[in-house]
Amino acid sequence: MISAVYALIAIGFTMIFGVGGVLNLAHGALIMIGAFTYLAATSAAIPPFAGFLLAVVVTAAASYALYAGLVKYIEDNIVITFLATVVVALLLTELVIIQFGSAPSQLLPVISGTIYLEAVGTRIRYVQLLAFVVSWIAIGALWYYVTKTDEGRSILATSMSTRGAELTGVDLQKVKSRTWLIAGAFAGIAGVFIGTLQSTSPQMWLSPLALAFIIVVIGGIGSIKGSVIAAYLIGYLETASVEILGPSFQGVLSLVVLVAILLLKPNGLFGRELVHE
Amino acid sequence: MANEDNNTLESDRTGNDAVGRRTFLGAASAGALTTTLAGCMGGVGSGGGGDDVFKIGHLGPTELQMGRGAERSAELAVAELKDNGGVQGQDVELLSEDTGGSPSEAERVTQNLVGSDNVDLLVGTFVSEVTQGIIDYVAERDVPFIITGSADPATITENHGQDYEQYKNIVRTGPINSDLQAEGMAGYASHLNDLHGFENFSILADDAAWTGSFRDILPDLIEEDSDLSVVHEDRMALDTDNFNPFLDDAADADADVVMRFIAHGGAATFTSTWAQNEYPFALEGISVPGMSPEFWGATNGTCLYETTSQSGAGGVSELTDKTMPFVEAYEEEFTGDGQDPPSKPMYMGFNSYDGILFYAKAAEEAGTTDYNSDLDAIVDAMLNTEFTGAAGEISLYGEDSDYPNDLKESRNEDGIISNFPVTQWHEDGDGGVVECVYPEQDATAEHVVPEWI
């Protein structure tokens, strides 16, 4: 179920890389912004659903601000961008600690309640179902956007070849801004659900970011389809590890697959499928 | 060519550097030697009571609520000592250091406290791995060290038990070690059986040193009561963030009670996973984050009905006549608008406060704080001191017992360990309130079963 949320994170991460060649290590921090915006909103007695929308909007805005205020000026230098986004992530972590403290907190679920699946002996919270549905709606909408609309196709075109896209009259700045907005909105959605299902703390961004990295490497950098498939692959592998090896070995099989992919297919499962340099 | 030039230049520079470095090293070692000598002389001087300040070094992870509560409680103890004329006529000073919960950082700050600041007493350490990381150094330096946070029995059995002479300057005044806590927990399990008829127990423990006793001896202790059985056991990695599989397994095993022993940040997630899914068992055991008075807010109230054992009983029950005055003093000083949590001392706060006052009393008995020449007198005095603290009675096991220098458990007339209170979150209007539910003589409310069971 949570695989869909991981796919959201990975898609945002990989889109930014595909379009701008930027490894945005502050992507995890955007997830944190989403979760803490929701936390602040719900503790100010704003209803959960409105808080959720607010979190998505704020995170998208933060993502855009990150691009327009910083990355835009340095994106030609990969190393500087890489380092600058790390610095932003650490800075945001400190700000969150100052504002909210370092102890983890739990978010109010957007919807509460649970169902017991007796046949498989597990319980699913409605909020898990909601996370699944919302993530898939978002992924579906994105898919429609980038394949069926001109605006969206310009994003896809840019990630295939910047020069080609420019030659066909694509405004690069606009495309990049749009990409950052979408990636930010996805991170906001993911942030609220991860903050609800796991924990909301100043360190919460690290493991989703690492997972996004693994997913993107397995799926192929720059590929949306690859991210979705790899996210599910990782999700199933984690579940399988829990079933076969026990809960403490959750991450083992996915790391094995990561190493195997790096050795056998360094471009990932769907790497560079659309690139025609 | 260009490269060769660069190389030559580089190596030239390196040569210059090397000379510079040698000179620097020489100067530095001379400096270090002087400092060491000065340190030795200083050590003798201060250990001999030459200066008229009694310095207490407090060690704890002060960025965590637990550590901050302990640091503040130590401040209260020092203020109290000052008001009463100091220790052995000396003024008292508190030096508090943040261990960050890491053995290497703890080693560094401890060496500073002992080597440079010449503290007369060390108090604290929350993480068992930290305690064990500094224990050899502290034993070497003979400075009295009162453990007030970590509960791993191996700290005592693997050190004092092997070479008492070497480690005699180290004592623990609280909490009772986890072997004894496990016995207390088994008594509590029987109590739950009497109260609600719970029979099947699951034990889920952090994969860390402090939970060793709960994993190894608690199952047998529970099953000593023939009505009870342990139907499920597992350990959880410290970075676990998905607790569904563990709780599913416990539910599949028909557990009536899950006893979880958890000290890391995932505790809030554990709690809300349990409550939001309405898993059909009670949540008992020890949750260190769950001891925070602010846990209700952090979990959005999902901690309702969960319990934890904690020495000091969260400051809600009058364990001794010192409990409430201490809690009130803490609240007056540190609770209110603009103050960081915790709003109550938490267990290590109780123990650090008690530990410092306990040592002051022992020092009065011994008539000295000079650990360099009178360590035996100080240790004897500590072993003979009986002290009523805010968390309970403090007296220590002697050299020939299983746990030398460790806090003795208190028992009631039925032989049940009684300085092992259990607290539960209850509803209070829109918010939550901590109630002491065990042992019965200290209880402020009766244990409640989650309404969905």
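As the structure is a prediction and not an experimental result, all values here were calculated from the model. (Residues numbered from 1 in each chain as written. Chains lettered and ligands numbered in written order. Predicted model: local features only at pLDDT ≥ 70, side-chain atom pairs only at ≥ 80, totals over all residues. Heavy atoms only, no water.)

Topic: the overall build of chain A
Under the convention used in this document: Numbering of helices and strands runs from the N terminus; a helix is a DSSP stretch of H or I covering at least four residues, while a strand is a stretch of E covering at least two. The globule rule used for comparison is 2.2 Å times the number of residues to the exponent 0.38, while the radius of gyration itself is calculated over C-alpha atoms. The classification of residues rests on relative accessible area computed with a 1.4 Å probe and restricted to protein chains. Under 20% of the type maximum is buried, over 50% is exposed, and intermediate values are partly exposed.
Looking only at helices and strands, chain A has eleven helices and two strands in total. When its helices and strands are written in sequence order, chain A yields α-α-α-α-β-β-α-α-α-α-α-α-α. For chain A, the C-alpha radius of gyration of 18 Å lies close to 19 Å, the compact-globule estimate for 277 residues. If one aligns the C-alpha atoms of chain A with their principal axes, the spans along those axes are about 55 × 45 × 35 Å. Counting every position in chain A, which comprises 277 residues, the buried fraction comes to 52%.

Thoughts on the packing of helix α2 (residues 65-83) of chain B against helix α14 (residues 346-366) of chain B
Residue and element names in this part refer to chain B. Operational definition: For helices, the fitted line uses only the C-alpha atoms of the stretch in contact; every axis is such a line through C-alpha atoms, and the angle between N-to-C directions lies from 0 to 180 degrees. Convention used here: angles under 35 degrees read as roughly parallel, angles over 145 as roughly antiparallel, angles from 65 to 115 as roughly perpendicular, and any remaining angle as oblique. The hand of a helix crossing depends on one turn: near helix anticlockwise from the far one by less than a right angle means left-handed, and clockwise means right-handed. Two residues qualify as a contact provided that any one of their heavy atoms is within 4.5 Å of a heavy atom in the partner residue. In this classification, the charged set is Asp, Glu, Lys and Arg, the nonpolar set is Ala, Val, Leu, Ile, Met, Phe, Trp, Tyr, Cys and Pro, and all remaining amino acids, among them Gly, are polar.
Packing of α2 against α14 leaves a shortest axis separation of 7 Å and a crossing angle of 30°. When the interaxial angle is binned, α2 and α14 end up roughly parallel. In this structure, α2 meets α14 at a crossing whose hand is right-handed. Residues Q65, M66, G69, A70, S73, A74, L76, A77, E80 and L81 of α2 pack against M346, Y347, M348, G349, S352, Y353, I356, L357 and A360 of α14. Of the residues contributing to the contact of α2 with α14, the split by class is 13 nonpolar, five polar and one charged.

Quick notes on the domain arrangement of chain B
Residue and element names in this part refer to chain B. This is how the line gets drawn: As used throughout, domain bounds are those supplied by an automatic or database domain assignment. The buried area of a pairing is the accessible area, by a 1.4 Å probe, that goes missing from both parts when the two are put together, added over both. The salt bridge definition used is simple: a Lys or Arg side-chain nitrogen within 4 Å of an Asp or Glu carboxyl oxygen. Here a polar contact is recorded for every N or O atom pair within 3.5 Å, except that within protein the pair must consist of a potential hydrogen donor and a potential acceptor, and residues adjacent in sequence are included only if both atoms are side-chain atoms.
Each assigned domain of chain B is listed with its residue range as follows: domain 1 (53-176 + 323-394) and domain 2 (179-310 + 421-442). Here the C-alpha centre of domain 2 lies 28 Å away from the C-alpha centre of domain 1. Taken together, the 16 residues of domain 1 in the interface contact 13 residues of domain 2. Summing the contributions of domain 1 and of domain 2, the shared interface buries around 1100 Å²; its carbon and sulfur component is 66%. At the boundary of domain 1 and domain 2, one finds zero salt bridges. The interface formed by domain 1 and domain 2 contains four residue pairs in polar contact (both at pLDDT 80 or more). Breaking the side of domain 1 that touches domain 2 down by element, the ones donating at least two residues are α2, α4 (128-141) and α14.

Let's talk about the pattern of salt bridges
Residue and element names in this part refer to chain B. Under the criterion given, the structure shown has eleven salt bridges over all chains. Of the charged contacts in the structure, one is a salt bridge between E105 and R108, with a shortest N-O distance of 2.9 Å. With E105 and R108 both in helix α3 (residues 103-116) and three residues apart, the pair spans about one turn of that helix. Look at E105 and you get partly exposed, because its relative accessible area is 27%.

Brief notes about the UniProt feature "transmembrane region" (unreviewed entry) in chain A
All names here are of chain A. The condition is simple: UniProt positions are given in the numbering used here, feature names are shortened, and annotations may be inferred rather than shown by experiment.
Here, the residues flagged by UniProt with the feature "transmembrane region" (unreviewed entry) are residues 6-26, 38-66, 78-98, 126-146, 179-197, 209-232 and 244-264. Helix makes up 100% of residues 78-98 and strand 0%, with an end-to-end C-alpha separation of 30 Å. Overall, residues 209-232 shows 83% helix and 0% strand. The separation of its end C-alpha atoms is 16 Å.

Comments concerning the pairing of strand β1 (residues 114-117) of chain A
Residue and element names in this part refer to chain A. Test applied: For two strands to be treated as a pair, DSSP must find at least two bridges joining them.
Here β1 pairs with strand β2 (residues 122-125) via four bridges, running antiparallel. Residue Y116 lies in a different strand from β2, and its bridge partner there is R123. Here β1 folds back onto β2, and the loop between the two strands holds four residues, one of which, G121, carries a positive phi near 65°.

Focus on the interface of chain A and chain B
Note: interface size is frequently given as the accessible area lost on complex formation between the parts. Each partner contributes residues to the interface: chain A has 24 residues there, and chain B has 26 residues. Taking both partners together, chain A and chain B bury about 2000 Å²; carbon and sulfur atoms supply 43% of that area. Of all residues in chain A, Q106, R123 and R125 of chain A bury the most surface against chain B, accounting for 34% of the area lost on that side. For the pair chain A and chain B, the number of links is zero salt bridges. On inspection of chain A and its partner chain B, the count reaches nine residue pairs in polar contact (both at pLDDT 80 or more). The element that contributes the greatest number of residues to the side of chain A that touches chain B is β2 of chain A, accounting for four residues. For the side of chain A that touches chain B, the class distribution of residues is nine nonpolar, 13 polar and two charged.

Notes on the UniProt feature "domain: Leucine-binding protein" (unreviewed entry) in chain B
The UniProt record annotates "domain: Leucine-binding protein" (unreviewed entry) at residues 60-400 of chain B. In residues 60-400 of chain B, the share of helix is 45% and the share of strand is 16%. The end C-alpha atoms are 30 Å apart.

Concerning the sheet that holds strand β10 (residues 307-309) of chain B
The strands making up a sheet associate through backbone hydrogen bonding, with each pair oriented either parallel or antiparallel. Residues and elements named next belong to chain B. The strand order across the open sheet built from three strands is β10-β13-β14, with neighbouring strands paired in antiparallel fashion. Looking along the sheet, the strands with just one partner apiece sit at the ends: β10 and β14 (431-438). Across this sheet, the average inter-strand angle for adjacent strands is 35°, counted without regard to direction. When β10 meets strand β13 (residues 422-428), the two strands line up antiparallel, connected through three bridges. In the sheet register, T308 faces β13, and the bridge partner there is T423. On top of the sheet, helix α7 (residues 178-196) reaches β10, β13 and β14; it is set at about 100° to β14, its chief contact.

A closer look at the packing of helix α3 (residues 48-74) of chain A against helix α4 (residues 78-100) of chain A
Residues and elements named next belong to chain A. Look at α3 against α4: their axes get within 9 Å of each other, and the N-to-C directions meet at 150°. As summarised for this structure, α3 and α4 are arranged roughly antiparallel, according to the angle between their axes. α3 and α4 meet at a crossing whose hand is right-handed. Of the residues in α4, those touching α3 at L66, L70, V71 and I74 are I80, T81, A84, T85 and V88. Split into classes, the residues belonging to the contact of α3 with α4 amount to seven nonpolar, two polar and no charged.

Here's the deal with helix α10 (residues 224-245) of chain A
Side chains of residues three or four places apart in an α-helix project in the same direction, reflecting 3.6 residues per turn. Residues and elements named next belong to chain A. Definition in use: For a helix, the expected span equals 1.5 Å multiplied by the residue count minus one.
Taking 1.5 Å per residue as the helical rise, α10 with its 22 residues ought to reach 32 Å, and the 31 Å between its terminal C-alpha atoms agrees with that figure. A distance of 2.8 Å separates the backbone nitrogen of G226 from a side-chain oxygen at the start of α10, and that oxygen is part of S223. The positive-phi residue at the C-terminal boundary of α10 is G246, with phi of around 110°.

A short note on the pairing of strand β1 (residues 53-60) of chain B
Residue and element names in this part refer to chain B. Going by this rule: Here the term right-handed applies to a crossover when the path leading from its first strand over the helix to its second strand runs clockwise, the strands being oriented away from the viewer.
Among the eight residues that make up β1, seven are buried, leaving the element largely enclosed by the rest of the structure. One ladder, built from eight bridges, connects β1 with strand β2 (residues 91-98); its direction is parallel. Within β2, the residue paired with G60 across the bridge is D98. The parallel pair β1 and β2 is bridged by α2, and the resulting crossover is right-handed. Relative to strand β3 (residues 121-124), β1 runs parallel, the two being bridged by four bridges. Among the inter-strand pairings, L59 is bridged to a residue of β3, identified as G124.

Some points on the state of the cysteines
Residues and elements named next belong to chain B. Just so we agree on the cut-off: The definition used for a disulfide is geometric: two cysteine sulfur atoms within 2.5 Å.
By the definition in use, this model includes zero disulfides over all chains. Left unpaired, C303 is separated from the closest cysteine sulfur, that of C436, by 16 Å. A relative accessible area of 0% places C436 in the buried class.

Some words on the side chain of T155 of chain B
Residues and elements named next belong to chain B. For T155, the location among the structural elements is in helix α5 (residues 154-157). In terms of polar contacts, T155 uses its side chain to reach the side chain of Q132, at 3.0 Å. Those residues in contact with T155 that sit more than four places away from it in its chain are T131, Q132, I135, I147 and H160.

Structural notes on the packing of aromatic side chains
Residue and element names in this part refer to chain B. We count it as follows: Stacked, edge-to-face and tilted are the three classes for Phe, Tyr and Trp ring pairs, Trp counted by its six-membered ring, which pair at centre distances within 6.5 Å; planes under 30 degrees apart are stacked, over 60 edge-to-face, the rest tilted.
Per the stated rule, a full pass over the model turns up 22 aromatic pairs over all chains. Between Y188 and Y438, the aromatic rings sit 5.0 Å apart at their centres with planes inclined by 55°, giving tilted as the arrangement. Here Y188 is found in helix α7, whereas its partner Y438 is found in strand β14, with 250 residues between them in sequence. Each member of the pair, Y188 together with Y438, is buried. With a centroid separation of 6.0 Å and an interplanar angle of 40°, the aromatic rings of W296 and W425 are classed as tilted. Separated by 129 residues along the polypeptide, W296 in helix α12 (residues 295-298) and W425 in strand β13 bring together distant segments of the chain. Taken as a pair, W296 and W425 share a single burial class, namely buried.

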